[in-house]
Amino acid sequence: MTVLVTGANGQLAAALRAILPPETLFSGRAGDILPHLDLSRPDEIAPALDKIVPNIIVNTAAYTAVDAAESDEETALAVNAHSVGEMGRWAFQHGAFVLHVSTDYVFDGTASRPYTEDTPIAPINSYGRSKAIGEQRLRESGASHAILRTSWLYGPAGRNFFVTMLRLARERDALRVVDDQMGSPTTTAVVAGAIHHMLRRRKTQDKSSAPSLEGTFHVTCHGQTTWHGFARAIFEGAVSRGLLDRMPRLEPVSTSEFPTSARRPAYSVLDPSKFERTFDYRLADWQYALDAVLDSLHP
Ligand SMILES: NC(=O)c1ccc[n+]([C@@H]2O[C@H](COP(=O)([O-])OP(=O)(O)OC[C@H]3O[C@@H](n4cnc5c(N)ncnc54)[C@H](OP(=O)(O)O)[C@@H]3O)[C@@H](O)[C@H]2O)c1
């Protein structure tokens, strides 16, 4: 059984590396990481997969630069949509399974209660559109697949809000953080744990139950907060563990005071209960998961 994880240098792939069996293959787009799989070149996906011949593809690679995607939609589409379709096509032809990671940004953020998997999608920025089309291409490919949507993803390293906040808190006395976008901060360890559990369930399932383990699932931590609330929790936890000398002053600001190229959904909370029911698996509360990340950095 060959399991291929794409996006080797990404934060979710790092968490998967810590938990999946050592024989798991991790592909990157360049450099020393072999095998190479460059998702900005959809035509090259099938020939590359012909050489790797995976039974399971866990696609964590993505064009995740949300603001840059506004002016580079073509690349975002190639990576997040067309290549995902190519993976699906290859998987369908070869009887492989695709576990694809998607995002809360497929929704428009106008809801006031957690989004379920059957809520119609309506992305409001290029990144969200490219991820939404990627989901669609995978479904249309006919491949056996699962789409896991997650949100506000972070881990102890990588490009994420948690790492940025800790760095800024060491550099500045005061920080202004958006307080009118609501979501569920979710750690890479929680999503990696859920993926590991899914893969083990697939291995042990009998054929008749296979279809019920496929489809679209929301995988996030429980609970919700704003970026401002998340920042405060990061700083309180970091100060109490000696990771920061002092609390910076935190000023809540509105999205309109913090303009970005890409619009952000105001409400991004996903309901993960379908995943928990289907896989008999409990996802952590966001504060508990944050404590685990802070503990891992404890000096
Ligand atoms: N971050 C979030 O808040 C968030 C929220 C919801 C969902 N998600 C989804 O979760 C998944 C994992 O995200 P993440 O936060 O782990 O992302 P990440 O840390 O930004 O990693 C993405 C990986 O994709 C790789 N990549 C980018 N363009 C590529 C290309 N053309 N060919 C091959 N690889 C390419 C990057 O390679 P390099 O290292 O070489 O750049 C990087 O290793 C993605 O599907 C993302 O859409 C993320």
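Positions within a chain are numbered from 1, following the residues in the order the chain's sequence is written. For a predicted model such as this one, the threshold for reporting local features is a pLDDT of at least 70, and the threshold for listing and counting side-chain atom pairs is 80 or more; totals across whole chains, interfaces and linings nevertheless cover every residue. Excluded from the side-chain calculation are hydrogens and water; included are all heavy atoms of the structure.

Trainee: Which residues make up the pattern of salt bridges, and what values do they have?
Mentor: Definition used for salt bridges: Asp or Glu carboxyl oxygen within 4 Å of a side-chain nitrogen of Lys or Arg. The full count for this structure, using the stated rule, is 15 salt bridges. Ionic pairing is found between D67 and R264, a salt bridge with its closest N-O pair at 2.7 Å. Of this pair, D67 sits in the loop between β3 (56-59) and α3 (68-71) while R264 sits in the loop between β12 (249-253) and α9 (273-279), placing them 197 residues apart in sequence. Overall, the relative accessible area of 26% leaves D67 in the partly exposed class. Relative accessibility decides the category of a residue: with a 1.4 Å probe and only protein chains considered, values under 20% of the type maximum give buried, values over 50% give exposed, and everything between is partly exposed. Judged by its relative accessible area of 23%, R264 falls in the partly exposed class. Between E251 and R176 there is a salt bridge, with the nearest N and O atoms lying 3.8 Å from each other. Of this pair, E251 sits in strand β12 while R176 sits in strand β7 (residues 174-178), and the two are 75 residues apart along the sequence. Residue E251 is classed as partly exposed on the basis of its relative accessible area, which comes to 39%. Strands are runs of DSSP state E lasting at least two residues, helices are runs of H or I lasting at least four, and both sets are numbered from the N terminus onward.

Trainee: Account for unusual backbone geometry, with residues named and values stated.
Mentor: Backbone geometry at W152 places phi at a positive 40 degrees, although glycine is not the residue there. Phi is positive for D280, which is not a glycine, with a value near 50 degrees.

Trainee: Could you give me a rundown of the layout of surface pockets, with the residues and numbers involved?
Mentor: One number sums up the size of the second largest pocket: a volume of about 460 Å³. Buried and open spaces are told apart on a 1 Å grid over the protein atoms alone, a cavity being a set of points where a 1.4 Å probe fits but cannot get out and a pocket being an open set with protein on both sides within 12 Å along at least five of seven lines. Residues with an atom within 4 Å of a point are the lining residues. What lines the second largest pocket is a set of 18 residues, and nearest its centre among them are M1, V3, I56, L199 and K203. A total of five residues in the lining of the second largest pocket trace back to one element, the largest contributor, which is helix α7 (residues 188-204). Classifying every residue of the lining of the second largest pocket by side-chain character gives eight nonpolar, six polar and four charged. Grid points are joined across faces, edges and corners, and a volume is the space filled by probe spheres set on the points. Just so you know the grouping, Ala, Val, Leu, Ile, Met, Phe, Trp, Tyr, Cys and Pro go in nonpolar, Asp, Glu, Lys and Arg go in charged, and all remaining residues, Gly too, go in polar.

Trainee: I'd like a rundown of the site of the ligand, residues and numbers included.
Mentor: We call a residue near a molecule or strand whenever a single non-hydrogen atom of that residue lies within 4 Å of it. Near the ligand you find 26 residues, and of these Q11, R29, T64, Y127 and K131 are the closest. In the model, an oxygen atom of the ligand is placed 2.8 Å from a nitrogen or oxygen of the K131 side chain. Here an oxygen atom of the ligand sits 3.4 Å away from a polar atom, N or O, in the side chain of R159. Summarising the interface, the protein chains cover 88% of the accessible area of the ligand, which totals 900 Å² for the free molecule. Secondary structure elements with two or more residues in the shell around the ligand: α1 (11-17), β4 (97-103) and α5 (126-141). Under this definition, polar contacts are N or O atom pairs within 3.5 Å; protein pairs additionally need one hydrogen-donor-capable and one acceptor-capable atom, and for neighbouring residues in sequence, both atoms have to be side-chain atoms. The Shrake-Rupley method, run with a 1.4 Å probe, gives the accessible areas here. Residue values count only the displayed protein chains as cover.

Trainee: Hey, could you go over the side chain of S268 for me, with residue numbers and the actual values?
Mentor: With respect to the helices and strands, the residue S268 is situated in the loop between β12 and α9. Judged by relative accessible area, S268 falls into the buried class, the value being 2%. For S268, the side chain forms a polar contact with the side chain of D104, separated by 2.9 Å. Whether two residues touch is decided by their heavy atoms; if any such pair falls within 4.5 Å, the residues are in contact. Setting aside residues up to four positions removed in sequence, S268 forms contacts with D104, Y105, S151, W152, M182 and G183.

Trainee: Break down the packing of helix α8 (residues 227-240) against helix α10 (residues 286-296) for me, citing the residues and quoting the values.
Mentor: Every axis corresponds to a line fitted to the C-alpha atoms, with the helix fit spanning only the stretch in contact, and the corresponding angles, defined between N-to-C directions, vary from 0 to 180 degrees. As a packed pair, α8 and α10 sit with axes 10 Å apart at the nearest point and diverge in direction by 40 degrees. In terms of orientation, α8 and α10 fall into the oblique class. As α8 runs across α10, the sense of the crossing is right-handed. Packed against α8, whose contacting residues are G229, F230, A233, I234, G237 and A238, the element α10 presents W286, L290 and L294 at the interface. Considering only residue class, the contact of α8 with α10 consists of seven nonpolar, two polar and no charged. Should an angle fall under 35 degrees it is called roughly parallel, over 145 degrees roughly antiparallel, and 65 to 115 degrees roughly perpendicular, with every other angle called oblique. Should the near helix be turned counterclockwise from the far one by less than a right angle, the crossing is left-handed, whereas a clockwise turn marks it as right-handed.

Trainee: Kindly report on the pairing of strand β1 (residues 3-6), identifying the contributing residues and their values.
Mentor: Taking every second residue as pointing to the same face, both faces of β1 are buried, with V3 and V5 on one and L4 and T6 on the other. Taken together, the four bridges between β1 and β3 define a ladder with parallel strand orientation. The residue of β3 that forms the bridge with L4 is I57. Note on pairing: two strands pair once DSSP finds at least 2 bridges between them. Here β1 runs beside strand β2 (residues 25-27); their pairing, made up of three bridges, is parallel. Bridge pairing links L4 to L25 in β2. Read as a crossover between parallel neighbours, the route from β1 over α1 to β2 is right-handed. Looking down the strands as they point away from the viewer, one classifies a crossover as right-handed if the path from the first strand across the helix to the second runs clockwise.

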